[in-house]
Amino acid sequence: MPFRTLGLTIGVVLLLAFVERPSSLSITSDSRYRSPPWEPPCGFTESIEIVCLIIFTLDLAVKSYLIGWDEFRKNKWLMSYTIVTSVSIIDWVLSISMVCDEKMRVRRFFRPFFLLQNSSLMKKTLKCIRRTLPEIASVILLLALHLCLFTMIGMLLFPKTEDPLKNEEWKLYFRNLSTSLTSLLVLLTTANNPDVMIPAYSLNRGYAIFFVSFSVIGTYCLMNLLTAIIYNQFRGYLLMSVQTSIIRRRLGIRAAFQVLSSHNEENAARERVPIDVVLQVMSRIKMQSYYREAITTKSRQYETEGFMNRDQFKHIFDELDKDRIEEHPSVPQYNSMGLQKLQVIFSHYYFAVFSNAVAMAHVVCICVLQITIYVTYGLTHSHMSPSSQGMFSLREMVRFVNMLIVFRFLRIIPDIKLMALVASTLLDLVKNLRAFAGILVVVYYIFAVFGIWLFEGVIKPPAHMSVPYNTTMENTTSNFSSECGTYEQLGYWPNNFDDFAGAIILLYDIMIVNNWQAFMDAYTRYTTEWSKIYFVCWWFTSSVMWVNLFVALILENFTYKWDRSHSCSVTDVDRIRYEATVQLMFKEQVKEPTEEELLCQLQQHRHLHLRWGHTTQTYSETMAVQEGETELLESRAH
């Protein structure tokens, strides 16, 4: 199955969640103004989905045929692929039989699996996360003990008294065990600080010791210790993964050399490979063009000799460890003297400095202009606006042009070494974050579907607050009042689990942990106390685990670039960006396999059956060429 076809199919089946019931096809997600969204007729999304499931079934059949039944049974991912596809088809049949009126579609929970199983990088990342969990269990247990201990102390410090004026802390934050745990857990994320301590602190400043001690130990010590452990475990597993990938690649290269050298008895005895054979093989291998060109160019260096030995053959494939190095186009040559002089002027270093100075001057002028407009219309003549004087369109056009001018200021980044280093790190993260972004998509998808199943439609605004979408708030009156800081008072009505798109945004808001207690409190009041488990699980998965893994990747990438940048010029920083592959990042720590280790593994390989020292190539050796090429390509993918 072509990779692009399978990737497109996975994308389509994941995007169905935005169209399926409850549909996200509405202008707003605010439950007060939202009009009934367009609901697809029964069979519309189901027809698209069954086509995708058929494609997955064909892909599964092809993979099982190619590797054989014995290998298929040993592969856990393929077995899981079979189960998930079968369950999805069965659930699809049930959905059609119920005329699309089922309460929950089980297959929606399994759709992210198709994304996982199609990416080896995501599988490795998931395995890394799974191996990291036992290592951080001790810190999590210590964090839980810290939370429980301070909860008990807090409930003893702030009991209910006969004086109503002294019960504010107890009433709001320490009324019972569940409320106390929730208050301190939110304080661990600093989302309710200093609100949680104000009632007690207003009575006695000594109570601040309790809250400060909790935050210092929990937020600044234990949480940062958790980050350090996750970073250390992630780096250790990544190093081990790179080591395995290097061994697999060296094994494939050594097998390919053995097969190519065995075509001729003399070449086999002298352990050498003809250059023309290598070039012929490179022309047939499927790989990205710039890797093929780099390896071919390096191979042609030995054309005068006509052959290359084992070490030379291995070194030409070192280009696979590097990312693409993009070079600036060559300077055009002009016959006209005038154009040549202009070329010298505009390519001169001082002209670049002048251009950067002009860009900076533009930014300064724009800032002064904006401050002047704000003072003129926002402070001195607040009753006058540019729109009332017919200047609105002109002002907006000027602002748009100014925004484009501000972007010119970005051109100075490559000329400043530290800024170029930071910018190259950010650009490199886009490439290296694909696996992490895929894992995050999977987690978001599962929690969003689960959240819709649990909380769809549970939060409903009062009847007198529901108005048509095109009605402005000035035309409505409301006697509705709510407690300060709550979901209702803050106007968080657009954040809900009423459709898939709204659920994604709500999960993102919780991941940021700013005011996330308002969402947890609202769904607790509208449902049960048990709903807190859902929000705490999402906070731990997204804000604790994934964000810390993201920090670990940034630290590793930036540290590598920072260490190399001390001996580089500004122009070299750009080159580092294109060479910062994972293999090069761990090059100094990775141990290269010896010749004896490679030969031992080749002789024990279950797919390769090489006849050492023979001049003829059997069918198994012919297959070994293809297997060696496949191993080479797969090692690059990994």
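Anyway, here's the lowdown on the structure attached to this text. Everything numeric in this text was worked out from a predicted model, so none of it was measured. Counting restarts for each chain: residues are numbered from 1 in the order of the written sequence. The predicted origin of the model limits local features to residues at a pLDDT of at least 70 and limits the giving and counting of side-chain atom pairs to 80 or more, whereas totals for whole chains, interfaces and linings rest on all residues. Side-chain calculation: all heavy atoms of the structure are included, whereas hydrogens and water are not.

### Here's the deal with the overall build of the chain
Comment: elements are numbered from the N terminus, with helices defined as DSSP H or I runs of at least four residues and strands as E runs of at least two. Regarding its fold elements, the chain presents 26 helices and two strands. Throughout, exposure labels follow a simple rule: accessible area from a 1.4 Å probe, protein chains only, divided by the maximum for the residue type, with under 20% read as buried, over 50% as exposed, and the rest as partly exposed. For the chain, the residues scored as buried account for 40% of the 638 residues in total. Across the chain, contacts joining residues at least 24 apart in sequence account for 73% of those joining residues at least 6 apart. For the chain, the accessible area works out to roughly 35900 Å², and carbon and sulfur atoms hold 63% of it. Whether two residues touch is decided by their heavy atoms; if any such pair falls within 4.5 Å, the residues are in contact. Here the Shrake-Rupley method, with its probe set to 1.4 Å, supplies the accessible areas, and only the displayed protein chains count as covering residues.

### Topic: empty space enclosed by the protein
We place a 1 Å grid over just the protein atoms. Points where a 1.4 Å probe fits but has no way out form a cavity, open points with protein on both sides within 12 Å along at least 5 of 7 lines form a pocket, and any residue with an atom within 4 Å of a point lines it. Grid points are joined across faces, edges and corners, and a volume is the space filled by probe spheres set on the points. In this structure the tally under the stated criterion is two cavities of 30 Å³ or more. Its boundaries defined by the atoms lining it, the second largest cavity holds a volume of some 50 Å³. As for the second largest cavity, its lining consists of Glu 20, Arg 21, Pro 40, Pro 41, Cys 42, Thr 45, Glu 46, Cys 100 and Arg 105. Under the scheme applied here, ten amino acids are nonpolar (Ala, Val, Leu, Ile, Met, Phe, Trp, Tyr, Cys and Pro), four are charged (Asp, Glu, Lys and Arg), and all others, including Gly, are polar. When grouped by side-chain class, the residues that make up the lining of the second largest cavity number four nonpolar, one polar and four charged.

### Some thoughts on the packing of aromatic side chains
Stacked, tilted and edge-to-face pairs are distinguished by plane angle, under 30 degrees for stacked and over 60 for edge-to-face with tilted covering the rest, among Phe, Tyr and Trp rings (Trp via its six-membered ring) whose centres lie within 6.5 Å. Within this structure, the stated rule accounts for 38 aromatic pairs. Seen in terms of ring centroids, Phe 313 and Phe 317 are 5.2 Å apart; in terms of plane orientation they differ by 65°. Their pairing is edge-to-face. A relative accessible area of 2% means that Phe 313 is categorised as buried. What makes Phe 317 buried here is its relative accessible area of 5%. When the ring of Phe 450 is compared with that of Trp 453, the centres are 5.5 Å apart and the planes differ by 45°; the resulting orientation is tilted. Here Phe 450 and its partner Trp 453 are both found in helix α19 (residues 434–455), three residues apart, which amounts to about one turn of the helix. Among the residues examined, Trp 453 registers a relative accessible area of 38% and is labelled partly exposed. An aromatic cluster of at least three residues, connected via ring pairs, comprises Phe 109, Tyr 444, Phe 447, Phe 450, Trp 453, Phe 455, Phe 497, Tyr 523, Tyr 534, Phe 535 and Trp 538.

### Quick notes on the environment of Ile 275
By secondary structure assignment, the location of Ile 275 is in helix α12 (residues 275–284). Between the C-alpha atoms of Ile 275 and Met 308, which are 33 residues apart in sequence, the distance is 6.8 Å. With residues up to four places along the chain from it excluded, the contact list for Ile 275 reads Ser 299, Tyr 302, Glu 303, Gly 306, Phe 307 and Met 308.

### Considerations on the state of the cysteines
Here, two cysteine sulfur atoms that lie within 2.5 Å of each other are counted as a disulfide. According to the stated counting rule, one finds one disulfide in the structure shown. Here Cys 42 connects covalently by a disulfide to Cys 100, the sulfurs 2.0 Å from one another. Note on the Cys 42 and Cys 100 pair: the S-S dihedral is about 65°, so by sign convention the disulfide is right-handed. With Cys 42 in the loop between α1 (3–15) and α2 (44–67) and Cys 100 in the loop between α4 (76–97) and α5 (107–117), the pair connects residues that are 58 residues apart, well separated along the chain.

### Remarks on a nonpolar patch on the surface
A residue counts toward a patch only above 30% relative accessible area and without a salt bridge, and it is joined to like-charged neighbours within 9 Å or, for Val, Leu, Ile, Met, Phe, Trp and Tyr, to nonpolar neighbours within 5 Å. Put simply, a salt bridge is a Lys or Arg side-chain nitrogen that is within 4 Å of an Asp or Glu carboxyl oxygen. On the surface, Leu 8, Val 12, Leu 25, Trp 38, Phe 44 and Ile 48 cluster together into a nonpolar patch covering about 550 Å² of accessible area. Of all elements in the fold, only α1 and α2 reach the threshold of two or more residues within the nonpolar patch. In this structure Val 12 comes out as partly exposed when scored by relative accessible area, which is 30%.

### As for a positive patch on the surface
Here the positive residues are Lys and Arg and the negative ones are Asp and Glu; neither His nor the chain ends is included. A charged residue contributes its charge at one atom only: NZ of Lys, CZ of Arg, CG of Asp or CD of Glu. Together, Lys 76, Lys 127, Arg 130 and Arg 131 make up a positively charged patch on the protein surface. The element best represented in the positive patch is helix α6 (residues 120–157), accounting for three residues. With respect to the element layout, Arg 131 can be found in helix α6.

### A word on the side chain of Ser 23
Following the sequence through the fold, Ser 23 ends up in the loop between α1 and α2. For Ser 23, a relative accessible area of 0% puts it in the buried group. Identification of polar contacts relies on pairs of N or O atoms within 3.5 Å, with a donor-acceptor requirement for protein atoms, meaning one able to donate a hydrogen and the other able to accept it, and with residues adjacent in sequence counted only if both atoms are side-chain atoms. Among the polar contacts listed, one links the side chain of Ser 23 to the backbone oxygen of Trp 38, at a separation of 3.0 Å. In contact with Ser 23, other than residues within four places in its own chain, are Phe 18, Arg 34, Pro 37, Trp 38, Glu 39 and Asp 499.

### Observations regarding the packing of helix α8 (residues 177–188) against helix α21 (residues 516–526)
Working convention: axes come from line fits to C-alpha atoms, limited for helices to the stretch in contact. Angles between N-to-C directions cover 0 to 180 degrees. Running from amino to carboxyl end, α8 crosses α21 at an angle of 155°, the nearest separation of the two axes being 10 Å. Considering their axes alone, α8 and α21 lie roughly antiparallel with respect to each other. In the crossing of α8 with α21, the sense of the turn from one axis to the other is right-handed. Mapping the contact onto sequence places Thr 182, Leu 185 and Val 186 in α8 and Trp 516, Gln 517 and Met 520 in α21. Residue classes in the contact of α8 with α21 are distributed as four nonpolar, two polar and no charged. Oblique is the label for every angle not falling under 35 degrees (roughly parallel), over 145 degrees (roughly antiparallel), or within 65 to 115 degrees (roughly perpendicular). Crossing handedness is defined as follows: a turn of the near helix away from the far one that is anticlockwise and smaller than a right angle gives a left-handed crossing, while the clockwise case is right-handed.

### Topic: the pattern of salt bridges
Taken as a whole and judged by the stated rule, the model has 17 salt bridges. Linking Arg 310 and Glu 271 is a salt bridge whose minimum nitrogen-to-oxygen distance equals 2.6 Å. In this pair, Arg 310 sits in helix α14 (residues 310–315) while Glu 271 sits in the loop between α11 (265–270) and β1 (272–274), placing the two residues 39 residues apart along the sequence. For Arg 310, a relative accessible area of 24% translates into the label partly exposed.

### Some thoughts on the nonpolar core
Note that soluble globular proteins tend to have their nonpolar side chains buried in a common cluster. Core analysis: the largest hydrophobic core is formed by 92 residues, its most contacted members being Phe 56, Phe 211, Phe 497, Trp 516 and Phe 535. Per-element tally for this core: the top contributor is α19, with 13 residues. Every residue in contact with Phe 535, bar those within four places of it in the chain, is listed here: Phe 455, Phe 497, Ile 510, Trp 516, Phe 519, Met 520 and Tyr 523. One finds Ile 275, Ile 295, Phe 313 and Ile 316 within the second-largest nonpolar core, a separate group that totals 19 residues. What is meant by a nonpolar core is a set of buried Ala, Val, Leu, Ile, Met, Phe, Trp, Tyr and Cys residues, joined one to another through side-chain atoms within 4.5 Å.

On their own, these measurements won't tell you what the molecule is for.
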